Amino acid sequence: MTTLLTILFDGVAYGMLLFVLSSGLAVTLGLMNFVNLAHGAFAMAGGYICAVLVNKSGVPFFVALPMAFIASALIGIVMEQTLYKHLYHRSPLDQVLFTIGLVFMAVTVVDYMMGSSQIFIHLPAMLEGQFNIFGVGVGRYRLMIIVICGLLTLGIQLTLANTRFGSRLRAAVDDPRAASGLGINVPQVFALTFAFGSGLAGLGGALGAEILGLDPYFPLKFMIYFLIVVTVGGSQTITGPFLASLLLGIADVAGKYYVPKLGAFVIYTVMIVILIWRPNGLFGRVAQR
Amino acid sequence: MFIRRNTLLQTAAAGLLLGASAFAVQAQDTVKIGLIVPMTGGQASTGKQIDNAVKLYMQQHGDTVAGKKIEVILKDDAAVPDNTKRLAQELIVNDKVNIIAGFGVTPAAFAAAPLATQAKVPEVVMAAGTSVITEKSPYIVRTSFTLGQSSTIIGDWAVKNGIKKVATLTSDYAPGHDALKFFKDHFTAGGGQIVEEVKVPLANPDFAPFLQRMKDAKPDAMFVFVPAGQGGNFMKQYAERGLDKSGIKVIGPGDVMDDDLLNGMGDSALGAVTAHIYSAAHPSQVNKDFVAAYKKAYNQRPGFMAVGGYDGIHLIYAALQKTGGKADGDSLIAAMKGMAWESPRGPISIDPETRDIVQNVYIRKVEKVDGELYNVEFETFKDVKDPGKTKK
């Protein structure tokens, strides 16, 4: 019983991490209709920035995390203004080719600058190890992930649903022409959204380095996971990818624990079954245009 | 216009002549080595270490042997066998190299083997560790190690040291299977029991569920083989889950505790016992000098891949010395067979029958020395041959 709870806990932590990593992609793909395969590159940037700050400059881990968010968001906004902006109206194929090219460039640049071996972020001692709650082993680091990611999810959901910026964003996506006619600065809204999505990815990369490992191939290795989360969750809402991440995280961890021989396939099986059952994803609506 | 063309022609002709004469000089007095290693991609650290070690050796020993100038041509195959084959062919046909060397992964060494046989060019394997490689061509010589060498020894050691129940966690790819098979054979033959066997997918982001399974199996120790790059991640999660405190030791072949990464793993790696062919802490003068020179030149610690490269280039130098500069494949291979010398890892030799390396395997424990983590050797198994071949 306690083992089951430990597995559940690990699964939730893993799922939360997947969510923070992919939520930015859900935003660009779902809300802005832009296929950004280079999403993982922003996550990697955040991870490396955090690692350099903590390991080389001695910045405390909890200060480095928001800095990783801000730095990735800044990179995002620069890229959006210089490169991405010009591709919003191009066909998805152009977008895919362009962003996959960016991924390869990012991989090479990081390999050149940081070397190809895995790097680790030196964690404060308080985050290491496990403690027991009624016999259930709870990893401190994973607990922290759950707390941070839970708060973030709540924040994103509230921002999108209840703030003026959220309604502007939704308006800009649904009908850019009408929105700009109403005085909404559509390019600015898109730029901010893109930056926020990139920042989230960067934060996810920094948080995930400990669990997923961080090397220059990160964007390629995890691209498939991001895409699974977004396809399974459906890309129109934020709750969709959130529940999909949790489901996949738990299925992945439990699958690997109970049937280690099949472990790696469980996540794909879940994806296939869900997509056969609901081709637009768990919470996807039928395409409206 | 006419004049201009004329001068162009003349320059071209002069250039051709120069080129031809330069080539003639080269063909006589130069021995060319084509070094094919992964310098980019996931295996890049292997290639960089080998390249560094070769350069270091040539700095220390000069670039002439037996009157011949040694020229190394470095090529990057990114550990993709198709590239290896193409590059080896280009090197042999166009650059007329006398020796091909390097080979970061097993498939790369396989890809070049038929070319070595056809062209009668020695292939010096400096990294790849699958047992059968040296059987793929009579021109292959190995200066790295085989997985069997370390995995059988750790199996024997575990039995002797009161470890009875072991759970295994190995990566699901050829070297992982090799390591598991050799370990299991020796460990169970000695009376040990495998209580849990888990194969982890190679591209595995999170070890958590597998480690939980290990913990619940309550073994005396867990046998681990994951590719060098994942070792650090693995040890961190091992400690996070409290397996160190529940008394489950980590044992395995030494790849997991590569010197290259060891110091970055943090204190969770302390106490892990592995069997391997090289530790940067090996207490010999030769090794101390080697480590000091390597650190000075590249500002990092040499790992076992660097030693494989260092010994590989040494073998080539020594063979040339023995043949008096004769650089054809058959003479070189004949000279290399049975060659013995002291490497930074300890005394090693080339088995005259199998052309594979014979070396000591050391049992080491991760300890803190001067504030840094090192594999400290405490037991030696002398002159271990590759068990994949001695069986026959």
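Residues numbered from 1 in each chain as written. Chains lettered and ligands numbered in written order. Predicted model: local features only at pLDDT ≥ 70, side-chain atom pairs only at ≥ 80, totals over all residues.

Participant: Help me understand the overall build of chain A in this model?
Facilitator: Counting its secondary structure elements, chain A contains 11 helices and 2 strands. Going from the N terminus to the C terminus, chain A shows its helices and strands as α-α-α-α-β-β-α-α-α-α-α-α-α. Expected size for 289 residues packed as a compact globule is a radius of gyration near 19 Å; at 19 Å, chain A falls within 12% of this value. If you line up chain A on its principal axes, its C-alpha atoms span 60 × 50 × 35 Å. In chain A, once contacts between residues fewer than 6 apart in sequence are set aside, the share between residues at least 24 apart is 77%. (Helix = DSSP H or I, 4+ residues; strand = E, 2+ residues; numbered from the N terminus. Rg over C-alpha atoms; globule rule 2.2 N^0.38 Å. Contact = placed C-beta atoms within 7 Å.)

Participant: Quick question: what am I supposed to make of helix α5 (residues 147–160) of chain B here?
Facilitator: The periodicity of an α-helix, 3.6 residues per turn, causes residues three or four positions apart to be oriented the same way. Residue and element names in this part refer to chain B. Taking 1.5 Å of rise per residue, 14 residues should cover 20 Å, and α5 covers 20 Å from first to last C-alpha, within 8% of that figure. Counted residue by residue, α5 has 12 buried out of 14 residues, so it is predominantly covered. Those residues of α5 not exposed but buried are L147, G148, Q149, S150, S151, T152, I153, I154, G155, D156, W157 and A158. Two residues or fewer after α5 comes G162, characterised by a positive phi angle close to 75°. (Expected span 1.5 Å × (residues − 1). Buried ≥ 20, exposed ≤ 12 C-beta atoms within 10 Å, placed from the backbone.)

Participant: Please clarify how unusual backbone geometry should be interpreted in this entry.
Facilitator: Apart from glycine, the bulk of residues carry a negative phi angle, and the bulk of peptide bonds sit in the trans form. Residue and element names in this part refer to chain B. The backbone phi angle of K96 is positive, close to 55°, even though this residue is not glycine. Topologically, K96 is positioned in the loop between α3 (81–93) and β4 (99–102). Exposure remark for K96: the 15 C-beta atoms within 10 Å place this residue in the partly exposed category.

Participant: Sorry, what's going on with the domain arrangement of chain B here?
Facilitator: By a widely used convention, the size of an interface equals the accessible area lost when the partners come together. Residue and element names in this part refer to chain B. Each assigned domain of chain B is listed with its residue range as follows: domain 1 (11–145 + 284–355) and domain 2 (148–276 + 361–390). Computed from C-alpha coordinates alone, the two centres of domain 1 and domain 2 are separated by 30 Å. Split by residue class, the side of domain 1 that touches domain 2 holds 4 nonpolar, 8 polar and 2 charged. (Domains from an automatic or database assignment. Nonpolar A, V, L, I, M, F, W, Y, C, P; charged D, E, K, R; others polar.)

Participant: Explanation requested: the pairing of strand β3 (residues 68–76) of chain B in the structure shown.
Facilitator: The two faces of the sheet receive side chains in turn, since in a regular strand these alternate between them. Residue and element names in this part refer to chain B. As paired strands, strand β1 (residues 30–37) and β3 are joined by 8 bridges and run parallel to one another. Bridging across to β3, V31 finds its partner in I70. In this structure, strand β2 (residues 64–65) lies alongside β3, joined through 2 bridges in antiparallel fashion. Bridge pairing in β3 links V65 to K68. (Pairing = 2+ DSSP bridges.)

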